Structure formats: structure tokens, C-alpha cells
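Fold and contact review
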Amino acid sequence: MTQLRVEVNKGEKLSLKNDGNLELFFIGVGSAFAMKNFQTNLLIIKGDQHVMVDFGMTGPTALAATAGLTPNDIEVVLPTHSHADHVGGLECLALMNRYVGQKFMGKPKVKAVIAEEWQRLLWDCTLRGGLEWNEEVDGSHKKLVFSDYFDVIRPTWLVHQPREVFKVNIGGIELELFRTKHIPEQAPGWETSFVSFGLMIDNKVFFSGDTKFDRDLIDMYADRSEVMFHDVQFFPGAVHAPLTDLNTLPARIKEKMLLMHIADNFDTQDIRGFAGYAKQGVRYIF
């Protein structure tokens, strides 16, 4: 098992390159409505490559506050689902890249790691209204499309899996993207839920994304995971994993599980048996 090191980023500009170790850095660990923490968005760094997993409403501010970076520093983004605390900053990222990064800084388009159907939904239902009309293409009155802002990295669908799973390698970062059971509250399983993903990172770190309590999903990845970052809420029902349900997990799972997507009353909760809370502004180095 890899030894995990935890280092606080002490106000320095975070390097998006390292010596080749897997590094995770949360620019936020809060829920959609949290005021004590930024929203749960995650940087994955390894060697010369990085991936920004989600970029929500607080993304631009959080990136500056915790990492000393701007949206124009981000080269690869992986959105997990369409809630604003996960994609609310993508319009800012796209516009800054197109009209500042590319035009004045010589940067390439941002790369987006995204499955085909999820790309269609994200563009048509979320991004199109703010991005489609910013200019005409070649004087032809043609409106902008997703590919005018992003170069797509298309993950490969893995067959014969217990649920929908995709796989992709981003410059040495191995990612499995698995469907989660998140919204609506009434959906009985991932098949009837809106598109939402979590990640298995380098076959050692589980990142649940947003999900209801889903024991099948946890069991699918628990034995492969050295550390598990899991969504939590502090009340029953609804569209995240209640702490009371997570407390039913075996000790061997809880002791390697760090809770994230936390509400502001997190410090009043009893999380004995768990590894603790994920923390923003901290480098998790494997």
C-alpha cells in the first residue's frame, strides 16, 4: 500500500507539475450551500499533467484562494454532473481561455474529459445559453458550439461492468469514471438517475462524486481503494449519502474513508471510526 503524505499548501502558488507521484488537491470540500468551505472541486496532479475535476460557482475564487492559480492555468477539466456547484465556473473557464488565454497568452483550448451523451447534455442544458452567442464564426452567422471552447478527450466505455463505466488515461493519470445514483431523490438506481460520475484514480483512490448511499458502488471499489473520498450529508433521505447510512459500513472501509461535500455544521458531527474530513488547500500525495 502506498504511503499517504498530507501537506498543507502554505499560501504558495500550487505547482501543476510534480515528480510523478499522484497528488490530489481539493480547492474546496463544501456542499453546494456551504459558507465555511468552498464547493467540492478537485485537482489531480501527476508528473507534467493535471486534471481539474469539476469547477463550480466558487471555482475561480477557490482556485485563487487555495492554490494561487487562475482559470487560465487550467488545461484539462473533467465535469462530473450538471449541478452548479460542479459546473457553475465552467463558463468563466471557457470564456477566459478563449478570449484571454488563447488570444493574448498563446494558450491552447482547454481539454474536456467527457462522454458523448454527457457532453450533449452539458452543452444543451447548461453551457449553451452563456457561450453560444459570443461571436459569429467566419462571418457566417454560425453560432459557437462545445468544440469551439474545448478539445474533447473521449473516455472509452468498458463493457461487462456492473454499471456504466468509462476509462481514460490523461498523461499517465489513469481514471475510471463510474455512474452514480445522485438525482432525482426518487430514482431507485443509477440507471434511472441523471448522468453523474465518480472516479477511481490510478486504481488506488476512490472519489465518489455526488451520490446517494450506494452500497453496491462502495463494494465494487472498496478492496481496490487505499483511500476513499466519499460524499456525505448530515440528515436522512435526499440526494447525498447520509452519515447514518455510511456508519453502517464495516470498520475496514470506514477507517480509510475521508468525508467530503460537507455542510457548515460538519464540526458538530460524530465521525468517529472514519479517517476524518477531506480538507481544502491540502496536498494529498501518494
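Each chain carries its own residue numbering, running from 1 in the written order of its sequence. For a predicted model such as this one, the threshold for reporting local features is a pLDDT of at least 70, and the threshold for listing and counting side-chain atom pairs is 80 or more; totals across whole chains, interfaces and linings nevertheless cover every residue. Computation of side-chain values: all heavy atoms of the structure, hydrogens and water removed.

Let us look at the overall build of the protein chain. Elements are defined by DSSP. Helices are runs of H or I of four residues or more, strands are runs of E of two residues or more, and each kind is numbered from the N terminus. A count of helical and extended segments in the protein chain gives eight helices and 16 strands. Relative to its length of 286 residues, the protein chain is compact, with a C-alpha radius of gyration of 18 Å against a globular reference of 19 Å. Taken along the three principal axes of its C-alpha coordinates, the protein chain extends 60 × 45 × 35 Å. By residue count, 55% of the 286 residues in the protein chain fall in the buried class. By definition, residues are in contact when any of their heavy atoms lie within 4.5 Å. Put simply, 62% of the contacts in the protein chain that link residues at least 6 apart link residues at least 24 apart. Between the averaged position of the 30 positive side-chain charges in the protein chain and that of its 37 negative side-chain charges there is a distance of 2 Å. Each radius of gyration reported is based on C-alpha atoms, and the globular scaling rule is 2.2 Å times the count of residues to the power 0.38. Three labels apply to residues, based on accessible area from a 1.4 Å probe with only protein chains included: buried if under 20% of the type maximum, exposed if over 50%, partly exposed otherwise in between. The convention is simple: Lys and Arg are positive, Asp and Glu are negative, and His and the chain ends are not counted. All charge positions are set by atom: Lys at NZ, Arg at CZ, Asp at CG, Glu at CD.

In this section: the pairing of strand 16 (residues 282–285). The side chains of a regular strand alternate between the sheet's two faces. By this definition, two strands are paired if DSSP reports at least two bridges between them. The pairing of strand 1 (residues 5–8) with strand 16 spans four bridges and is classified as antiparallel. Note that in strand 16 the partner of Val-8 across the bridge is Val-282. Bridging between strand 2 (residues 23–28) and strand 16 involves three bridges; their strand directions are antiparallel. The residue bridging Glu-23 from the neighbouring strand is Ile-285, located in strand 16.

On to the pairing of strand 11 (residues 197–201), then. Of all the five residues making up strand 11, five are buried; the element is thus mostly covered by neighbouring parts of the structure. Note that strand 10 (residues 173–179) and strand 11 share five bridges and pair antiparallel. Paired with Leu-175 across the two strands is Ile-201, which belongs to strand 11. Summarising the sheet, strand 11 and strand 12 (residues 205–207) pair through three bridges and their orientation is antiparallel.

Our focus in this paragraph is unusual backbone geometry. Following Ile-183, the chain continues into Pro-184 via a peptide bond in cis, with omega recorded as -5°. Notably, Asp-54 is not glycine yet its phi reads approximately 70°, a positive angle. The residue Asp-54 is located in the loop between strand 4 (49–53) and helix 1 (59–67) in this model. Positive phi outside glycine occurs at Ala-238, with the angle close to 60°. Mapped onto the elements of the fold, Ala-238 is located in the loop between strand 13 (227–231) and helix 7 (243–246).

All right, on to the packing of aromatic side chains then. Any two aromatic rings considered together are summarised by their centre-to-centre distance and by the angle between their planes. Aromatic rings from Phe, Tyr and Trp, with only the six-membered ring used for Trp, were paired whenever their centres fell within 6.5 Å, and each pair was classed as stacked if the ring planes differed by under 30 degrees, edge-to-face if by over 60, and tilted otherwise. According to the stated counting rule, one finds 12 aromatic pairs in the structure shown. On the basis of an interplanar angle of 90° and a centroid distance of 6.3 Å, the ring pair of Trp-123 and Phe-146 is categorised as edge-to-face. Here the residue Trp-123 occupies a position in helix 4 (residues 116–131), and Phe-146 occupies one in helix 5 (residues 146–149), the gap between them amounting to 23 residues. Assigned by exposure class, Trp-123 and Phe-146 land together as buried. Considering the side-chain rings of Phe-178 and Tyr-221, the 4.8 Å spacing of their centres and the 35° angle between planes classify their relative orientation as tilted. Of this pair, Phe-178 sits in strand 10 while Tyr-221 sits in helix 6 (residues 215–221), placing them 43 residues apart in sequence. The pair Phe-178 / Tyr-221 is uniform in exposure class, with both members buried. Taken together, the ring pairs in this structure connect Phe-26, Phe-207, Phe-229 and Tyr-284 into an aromatic cluster. The rule for a charge over a ring is simple: NZ of Lys or CZ of Arg within 6 Å of the ring centre, and within 35 degrees of the ring normal. Cation over ring: Arg-98 sits above Tyr-149, and NZ or CZ is 5.6 Å from the ring centre.

Take helix 4 next. The length a helix should cover is 1.5 Å for every residue beyond the first. Between its first and last C-alpha atoms helix 4 spans 19 Å; for 16 residues at 1.5 Å apiece the expected length is 22 Å, and the helix comes up short by more than 12%. Three or more residues of helix 4 are buried, namely Trp-118, Gln-119, Leu-121, Leu-122, Trp-123, Leu-127 and Leu-131. Packed against the buried residues of helix 4 are helix 2 (84–87), helix 3 (90–105), helix 5, strand 7 (150–153) and strand 11.

Another point: the sheet that holds strand 16. The strand order across the open sheet formed by eight strands is 1-16-2-3-4-5-6-7, and the pairing between neighbours is mixed. Each end of this open sheet is capped by a strand with a single partner; those strands are strand 1 and strand 7. Pairwise comparison of adjacent strand axes, ignoring direction, gives a mean angle of 25° for this sheet. Pairing of strand 2 with strand 3 (residues 41–46) involves five bridges; the strand directions are antiparallel. If you follow Phe-25 over to strand 3, its bridge partner there is Leu-43. Only C-alpha atoms enter the line fits that serve as axes; for helices the fit covers just the stretch in contact. Angles between N-to-C directions range over 0 to 180 degrees.

What follows concerns helix 3. Between the first and last C-alpha of helix 3 there are merely 19 Å, a value that for 16 residues lags more than 12% behind the 22 Å anticipated at 1.5 Å per step. Two axes are fitted around each residue, one to the seven residues ending there and one to the seven starting there, and the angle between them is reported as the bend at that residue. Remark: the principal bend of helix 3, roughly 40°, maps to Asn-97. Residues Leu-90, Leu-93, Ala-94, Asn-97, Arg-98 and Gly-101 constitute the buried set of helix 3. Buried residues along helix 3 sit against strand 5 (76–78), helix 2, strand 6 (110–113), helix 4, helix 5 and strand 7. Just beyond helix 3, the residue with positive phi is Gly-106, at close to 70°.

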